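Residues per chain are reported as follows:
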Amino acid sequence: MHSASAALRVVHEPDPGVDLVAAEHAAAQFLRALGVESDSESLRGTPGRMARAYAELFSPRPFDLTTFPNDEGYDELVLARAIPVRSVCEHHLLPFVGVAHVGYLPGERILGLSKLARIVEHFARRPQVQERLTKQVADWLAEHLHPKGVGVVIEAEHSCMTLRGVQAAGSTTVTSTLLGVLREDARSRQEFFALTGVHG
């Protein structure tokens, strides 16, 4: 039997390691090294905008993970589909965007639905690989909510594939992590994938 408080606080203070002045200076040097001069009126503010944009991309917002007692004993799948995903590939620091489908089979507590999107954002706001992001969301839900099962599917388009290298425009990458009943029981697994619209 797991005890859980009414709200599990997730707090992120501004990272004292973020130095926007140094980041702007480095961005200007980076552009110059690539032959892009930022002396013109239209580019003069670009290094600062780059620094602020990446600082935002790497800074998740704080939130309360509000949970409630599962007084009715609800034991069917809870699924949030098409949660927007925006992250940055850690190999090239280029964006990848897509959607996440996050579901769980409740145990003793249920979760405020908007919090599923917050958890996805929490792990997406940092340099990432899609496989790790998928597993982190599932593992975190399993650890903090103690559900009977968790399923996470992420479908994303990676600009490191579509804008450079192979330039495979329109291709998407699909990753999934299943835990508990959703992994062990074939019918539950099939239901989850059917509801996400992804073939498992």
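Residues numbered from 1 in each chain as written. Predicted model: local features only at pLDDT ≥ 70, side-chain atom pairs only at ≥ 80, totals over all residues. Heavy atoms only, no water.

### Points about the sheet that holds strand β7 (residues 149-158)
Our working definition: Strands are treated as partners if at least two bridges between them are detected by DSSP. Per the convention used, a helix needs a DSSP run of H or I reaching at least four residues, while a strand needs a run of E reaching at least two, with both numbered from the N terminus.
The strand order β6-β3-β4-β7-β8 describes an open sheet built from five strands, whose pairing is mixed. Looking at the sheet topology across the chains shown, the edges are occupied by β6 (127-128) and β8 (173-180). Judged from the two bridges that link them, strand β3 (residues 78-89) and β6 form a sheet pairing that is parallel. Within β6, the residue paired with Val88 across the bridge is Pro127.

### Focus: the pattern of salt bridges
Working definition: two side chains of opposite charge can pair if their charged atoms are close together. Cut-off, in case you're wondering: Counted as salt bridges are all cases of a side-chain nitrogen of Lys or Arg within 4 Å of a carboxyl oxygen of Asp or Glu. We call a residue buried when its accessible area falls under 20% of the maximum for its residue type, exposed when it is over 50%, and partly exposed in between, using a 1.4 Å probe and counting protein chains only.
Scanning all chains against the criterion turns up four salt bridges. Where Lys135 meets Asp139, a salt bridge forms, and the shortest distance between an N and an O atom there is 2.6 Å. Of the two residues, Lys135 and Asp139 are both situated in helix α4 (residues 130-145); the distance of four residues between them amounts to about one turn of the helix. Asp139 sits in the partly exposed class, given a relative accessible area of 29%.

### A look at the confidence of the model for the protein
To keep things clear, this is the line we draw: pLDDT measures the predictor's confidence residue by residue and takes values from 0 up to 100.
For the protein, per-residue confidence averages 89 on the pLDDT scale, and residues scoring 70 or more make up 92% of the total. Of all helices and strands in the protein, the one with the weakest mean pLDDT is strand β1 (residues 7-10) (52), whereas strand β4 (residues 95-105) scores best (97).

### Regarding helix α3 (residues 114-124)
Counting buried positions along α3 gives eight out of eleven residues, so the element sits mostly inside the fold. Among the residues of α3, Lys115, Leu116, Ile119, Val120, Glu121, His122, Phe123 and Ala124 are the ones counted as buried.

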